Amino acid sequence: MSLKTVASFLLASATLASAMGLRVATFNLGAAYNAAESKYEPSLGVPGSADYEIIRSVITRLDPDVVALQEVHTTDVNAGNLASLASALGYGHLYFAPNTNAFDNSLRVAFLSRHPFLSQTSIASPAGAKDMTRLIPAVKVDVPGTSRDPWLFAVHLKSGTAASDLFQRAVETRRLTRHINASGLANDSNFVILGDFNPSGSSRTFDTLPSTGLPATFTLGSDITLPIPYFTDPRSYFTTPSVHLLDPRQPNGSATTFPSSGSTLDFILTSPIVATRPLAAEIYNSTLDTSNAVGLAKAGSPLPSGTSAAASDHLPVFADLELDSAVPYTFTAAGQTVSETFAGFPGTYDPYPWTSTGGEWLGADSGSSTAPGFRSYGSSADPSLGFLPAAAGGSTTAAFVNQSATTLTALQISYTAEQWRSSNGGTADTLSAELIVGGVSKPLPALTYQASAALPSGAVAGGIPTPKSMIVSGLAVAPGSTFQLRFTFTPGTGSSTPPSAVFINELNYDDNGTDDEEFVEIVAGPGFTGPLTGATLLLYNGSNGQTYGSHALSTFTAGAVTSSGHRIYSKAISGLQNDMDGMALVVNGAVTQFISYEGSFQATNGTAIGMMSADLGVSQTGADPAGTSSLGLTGTGGAPAVLSWSKFTGLPTTQGQPNSGQDFTNNILPPQGIAIDNLAVTFPSGYDADGDGSTDVDELVFGTDPQDASSRFVVSLATPSPGIVRLGFPTVAGRSYIVQSSIDLSIWTDGAAYAGTGSQRTVDQPVSPTDGKYFYRIRVSRP
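Residues numbered from 1 in each chain as written. Predicted model: local features only at pLDDT ≥ 70, side-chain atom pairs only at ≥ 80, totals over all residues. Heavy atoms only, no water.

**Comments concerning the overall build of the protein**
Then comes step 1: In terms of regular secondary structure, the protein is built from seven helices and 50 strands.
Then comes step 2: Looking at the 783 residues of the protein, the share that counts as buried comes to 52%.
Then comes step 3: Across the protein, the fraction of contacts at a sequence separation of at least 24, relative to all contacts at a separation of at least 6, is 71%.
Then comes step 4: Counting every atom, the protein has about 30800 Å² of accessible surface; 52% of that belongs to carbon and sulfur.
Then comes step 5: Charge separation in the protein, taken as the distance between the mean sites of 37 positive and 62 negative side-chain charges, equals 8 Å. (Helix = DSSP H or I, 4+ residues; strand = E, 2+ residues; numbered from the N terminus. Buried < 20%, exposed > 50% of the residue type's maximum accessible area, 1.4 Å probe, protein only. Contact = heavy atoms within 4.5 Å. Areas by Shrake-Rupley, 256 points an atom, 1.4 Å probe, with all protein chains shown as cover. Lys, Arg positive; Asp, Glu negative; His and termini not counted. Charge placed at Lys NZ, Arg CZ, Asp CG, Glu CD.)

Spelled out as structure tokens, the structure:
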């Protein structure tokens, strides 16, 4: 006698709502080659000219929302050629940096945008100074559909290899970093830096202005003080906020953006928060533009192979970025299935809409790596979300929202558990799942998976897929409400806290003759699960206690990963000072090491301010052959406290490898590499958990228990006297009850409505002996 309305739906795959994306590009127009006259013409040219049209075709093909252009000639600005190009390409918003108080009056840097500028300015020398080759345009773009509008900066730094050129680039980058800090931008702000950085030479520190080469009118701003470090890696200029350097490639894998020299001059850097979201980048080379199936999606048809060479001596770089945080997987109707295969997942960020804790993202891995943390296990064609546990384990959580008009009472969940790395005799690690509804956890024991510790050690081909599935009932997720599905990676018995110290392991600062093989090596223990950007090396001048350089660990080159899980990173740092000098290692804002050679001193600025350095007790004299006799830790153990400093006299340096006589240990059982893949979550239609004939949704309305077949909404019928039919039914407070009647089961007539009280209700209905048959039912509803 209960009323049920059943709607049928085709089984559909609920798609993930896309966050707001933005395509950006940087293009140094350089010098276009005039084949007819066999010369380069550094000019955009008038509309209709060969140069103009070929540049237009390249930008059209890339189809960026915002493009930064370098080497735009002042004649093209004044003649309106740049404005004509913007209009022809459909960019309604144009901003170019002025050339006021700049050394280069002929070349400008500009932004073309489809979206309006909320702010536009140029980074320039302060009053009384002249130290910029070209001004740096900075724009905030009003991107529709997001409240996290991005800041974009376009640079064209001073070119050349002379000391004065390096110095000017260092000054220009310092101006950029100061502006970003003054603007209040942080690691969680959306900002992008793109352009021609012209890196060349070696990293070094300028204690004084170069004696030759600077323009005669060069005047350094009083806000910039010496010493000034110069870096070939643009990331090294940034500390807070830090930046992420994209690694775009041509379709053949080449990183070259300046083909004539085979160098990479053009970069795109993003804020850390942008780097945690999906992103993709490419260096465009028309010679490799053979199909729309190659590389990032592009507009129109592939261009002729010679287009890039004719357009510029630089290749443009473009990237697709996400500006917003993840949005949940969405159910819009009962019967839908959300499926996730992690297609295209590179393992360098949380896949939308997942959030992970307990480790950093390490990229793609076939199972060969021993480094703890998250990654994409498998192949690029068939990736999975994987984890190699450290002692604390980790978890990853996906968000869902019920946007249907129906209360969600059950879910069918299936996934494939995989093991991609085995450590024979190691820990029997587990993967478990739970639903979190209204802040309350509901364990899902049927989805638990335990990795094998009996397989041969090493990568496991194919990942040994193991299907897991179960139906979860007894839920009550109202329309508009969210819930989470969490997978937890738990280390098995025998795991303990591995060494987590990050420490300086080897350095070389003073060779015989010119110091041309200087470097610093840093080791991260297997228990260190934070991001590499959380560790920074500060270089200190012992004569004044001042810093003269800063290098984020993320800018170091990854070397060996030892069997103990220690990761070794090294970086060539030209200009490491001789005599009594030192360096401090800062991890998550705290100084963990402050060491020095040839004496001890007190830091007078930087994070180590007020601290006394610890003299290593060993030093270099400058008499040793280049590439030998470095200083480093030696001994057996997993942390610097149990290792000792030594000079490896006469031995080759070991950048990226353990030192001579060094044996890293961690004294724990090794873990297994496990993953989740092929997740499918179905919102079943009309599910009846207890099989009593009433769907779970109906039982929630009736106020009965959908998990108990004996808990039912039962209507009684009696005839206490002639001409009276008495209906009895249970009520629940907050529900409304209407008695309906019909003589043909087709047309129903509403009777009186009754509010639920939590007790049994009886309703008498008058009937006539001459009437035909009557049918009754109770319509139950709740707010």
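**Details of the pattern of salt bridges**
Then comes step 1: This model, assessed by the stated rule, comprises 16 salt bridges.
Then comes step 2: Arginine 61 is the partner of aspartate 289 in a salt bridge, and the nearest nitrogen-oxygen pair spans 2.9 Å. Here aspartate 289, found in the loop between strand S16 (280-283) and helix H6 (307-311), pairs with arginine 61, found in helix H1 (residues 50-62); they are 228 residues apart in sequence, far enough to count as distant. When sorted by exposure, aspartate 289 lands in the same class as arginine 61, which is buried.
Then comes step 3: Salt-bridge contacts for arginine 249 lead to aspartate 247; the nearest nitrogen and oxygen are separated by 3.0 Å. (Salt bridge = Lys/Arg side-chain N within 4 Å of Asp/Glu carboxyl O.)

**Description of the sheet that holds strand S9 (residues 136-141)**
Then comes step 1: With mixed pairing, six strands are arranged side by side in an open sheet as S8-S9-S10-S11-S15-S14. Edge positions in the sheet fall to strand S8 (117-123) and strand S14 (244-245), since each of these pairs with one other strand and no more.
Then comes step 2: Two strands pair when backbone bridges link them, and S8 and S9 are joined in this way by six bridges, in the antiparallel orientation. In the strand pairing of S9, isoleucine 123 is matched with isoleucine 136. (Pairing = 2+ DSSP bridges.)

**Things to note about empty space enclosed by the protein**
Then comes step 1: Scanning all chains against the criterion turns up six cavities of 30 Å³ or more.
Then comes step 2: Around the largest cavity, the lining residues are Leu157, Arg169, Thr173, Phe197, Asn198, Pro199, Tyr230, Phe231, Thr232, Asp233, Pro234 and Tyr237.
Then comes step 3: Taken together, the residues of the lining of the largest cavity break down into seven nonpolar, three polar and two charged. (1 Å grid on protein atoms, 1.4 Å probe; cavity = no way out; pocket = protein on both sides within 12 Å on 5 of 7 lines; lining within 4 Å. Points joined across faces, edges and corners; volume = space filled by probe spheres on them. Nonpolar A, V, L, I, M, F, W, Y, C, P; charged D, E, K, R; others polar.)

**Comments concerning H1**
Then comes step 1: Between its first and last C-alpha atoms H1 spans 19 Å; for 13 residues at 1.5 Å apiece the expected length is 18 Å, and the two agree.
Then comes step 2: Asp51, Tyr52, Ile55, Val58, Ile59, Arg61 and Leu62 are the residues of H1 that are buried.
Then comes step 3: Trailing H1 by a residue or two, aspartate 63 shows a phi angle of about 60°, which is positive. (Expected span 1.5 Å × (residues − 1).)

**So, the confidence of the model for the protein**
Then comes step 1: On average, residues of the protein score 89 in pLDDT, and 95% of them are at 70 or above.
Then comes step 2: Taken together, the stretch residues 1-18 has pLDDT below 50 and engages in 35 contacts with residues farther than four places along the chain or on a different chain. (pLDDT = per-residue confidence, 0-100.)

**Section: the environment of phenylalanine 238**
Then comes step 1: Examined against the element boundaries, phenylalanine 238 turns out to sit in the loop between strand S13 (228-230) and S14.
Then comes step 2: Distance from phenylalanine 238 to alanine 552, taken between C-alpha atoms, is 8.2 Å for residues 314 residues apart in sequence.
Then comes step 3: Those residues in contact with phenylalanine 238 that sit more than four places away from it in its chain are Leu176, Thr177, Ile180, Ile193 and Val243.

**Considering unusual backbone geometry**
Residues other than glycine predominantly adopt negative phi, and peptide bonds predominantly adopt the trans conformation.
Then comes step 1: Residue leucine 226 is joined to proline 227 through a cis peptide bond whose omega torsion reads 5°.
Then comes step 2: Along the polypeptide, proline 227 turns up in the loop between strand S12 (204-206) and S13.
Then comes step 3: The amide bond that connects threonine 240 to the next residue, proline 241, takes the cis arrangement and shows omega of 0°.
Then comes step 4: Relative to the helices and strands, proline 241 resides in the loop between S13 and S14.
Then comes step 5: Although it is not a glycine, aspartate 63 adopts a positive phi angle of roughly 60°.
Then comes step 6: Among the secondary structure elements, aspartate 63 is positioned in the loop between H1 and strand S5 (66-73).
Then comes step 7: Aspartate 63 sits in the partly exposed class, given a relative accessible area of 31%.

**Some thoughts on the side chain of threonine 270**
Then comes step 1: Tracing the sequence through the fold places threonine 270 in strand S15 (residues 266-270).
Then comes step 2: Setting aside chain neighbours within four positions, we find threonine 270 in contact with Phe191, Val192, Val243, His244, Leu246, Ala275 and Leu321.

**Topic: the sheet that holds strand S17 (residues 317-322)**
Then comes step 1: Taken in spatial order, the six strands make up an open sheet running S6-S7-S5-S2-S17-S16, and their pairing is mixed. Looking along the sheet, the strands with just one partner apiece sit at the ends: strand S6 (93-96) and S16. If you compare each strand with its neighbour and ignore which way they point, the axes differ by 15° on average.
Then comes step 2: Here five bridges tie strand S2 (residues 21-28) to S5, and the two strands are oriented parallel to one another. (Axes fitted to C-alpha atoms, helices over the stretch in contact; angles between N-to-C directions.)

**Focus on the side chain of aspartate 266**
Then comes step 1: Looking at the secondary structure, you find aspartate 266 in strand S15.
Then comes step 2: No salt bridge forms around the buried aspartate 266; measuring N to O, its nearest opposite-charge neighbour arginine 134 is 11 Å away.
Then comes step 3: Of the polar contacts made by the side chain of aspartate 266, one reaches the side chain of threonine 257; its length is 2.7 Å.
Then comes step 4: Separated by 3.0 Å, the side chains of aspartate 266 and histidine 314 make a polar contact.
Then comes step 5: Apart from the residues within four sequence positions on either side, aspartate 266 is in contact with Asn28, Gln70, Gly195, Asp196, Thr257, His314, Leu315 and Val317. (Polar contact = N/O pair within 3.5 Å; in protein donor to acceptor, adjacent residues only side chain to side chain.)

**Overview of the packing of aromatic side chains**
Centre distance and the angle of the planes are the two values used to describe a pair of aromatic rings.
Then comes step 1: Evaluated as defined, the whole model comprises 28 aromatic pairs.
Then comes step 2: With centroids separated by 5.1 Å and ring planes inclined at 5°, the aromatic side chains of phenylalanine 400 and phenylalanine 483 adopt a geometry described as stacked. Of this pair, phenylalanine 400 sits in strand S24 (residues 394-402) while phenylalanine 483 sits in strand S31 (residues 482-490), and the two are 83 residues apart along the sequence. The pair formed by phenylalanine 400 and phenylalanine 483 is uniform in burial state, with each residue classed as buried.
Then comes step 3: Counting every residue linked through ring pairs, the aromatic cluster contains Phe342, Phe345, Tyr349, Trp354, Trp361, Phe374, Phe387, Tyr415, Phe487 and Phe489.
Then comes step 4: One cation-aromatic arrangement involves arginine 777 over tryptophan 748; the distance from NZ or CZ to the ring centre is 4.0 Å. (Phe/Tyr/Trp six-rings, centres within 6.5 Å; stacked < 30°, edge-to-face > 60°. Lys NZ or Arg CZ within 6 Å of the ring centre and 35° of its normal.)

**Notes on helix H4 (residues 163-182)**
Helical geometry note: an α-helix holds 3.6 residues per turn, so side chains three or four residues apart project in the same direction.
Then comes step 1: The end-to-end C-alpha distance of H4, which contains 20 residues, comes to 28 Å, matching closely the 28 Å that a straight helix rising 1.5 Å per residue would cover.
Then comes step 2: Positive backbone phi, at 80°, marks glycine 184, one or two positions downstream of H4.

**Observations regarding the pairing of strand S7 (residues 107-113)**
Then comes step 1: Burial runs high along S7: seven of the seven residues are buried.
Then comes step 2: Of the two faces of S7, the one carrying Leu107, Val109, Phe111 and Ser113 and the one carrying Arg108, Ala110 and Leu112 are both buried.
Then comes step 3: Inspection of the sheet shows S5 paired to S7 by six bridges, in the antiparallel sense. In the sheet register, valine 66 faces S7, and the bridge partner there is serine 113.
Then comes step 4: The pairing of S6 with S7 spans four bridges and is antiparallel. When the bridges of S7 are listed, tyrosine 95 appears paired with phenylalanine 111.

**Points about the environment of glutamate 53**
Then comes step 1: The residue glutamate 53 is located in helix H1 in this model.
Then comes step 2: When residues no more than four places from it in sequence are discounted, the contact partners of glutamate 53 are Pro47 and Gly48.

**A look at the packing of H1 against helix H3 (residues 81-89)**
Then comes step 1: Direction vectors running N to C along H1 and H3 enclose 40°, while the axes themselves pass 11 Å from each other. In terms of orientation, H1 and H3 fall into the oblique class. In this structure, H1 meets H3 at a crossing whose hand is right-handed. On H3, the residues that touch Tyr52, Ile55, Arg56, Ile59 and Thr60 of H1 are Asn81, Ser84, Leu85, Ala88 and Leu89.
Then comes step 2: The class makeup of the residues in the contact of H1 with H3 is six nonpolar, three polar and one charged. (Parallel < 35°, antiparallel > 145°, perpendicular 65-115°, else oblique. Left-handed = near helix turned anticlockwise from the far one by under 90°.)

**Here we look at the environment of leucine 362**
Then comes step 1: Structurally, the position occupied by leucine 362 is in strand S21 (residues 361-365).
Then comes step 2: Here leucine 362 falls in the partly exposed class, since its relative accessible area comes to 30%.
Then comes step 3: When near neighbours in sequence (up to four residues on either side) are disregarded, leucine 362 contacts Gly347, Ala371, Pro372, Gly373, Phe374 and Arg375.

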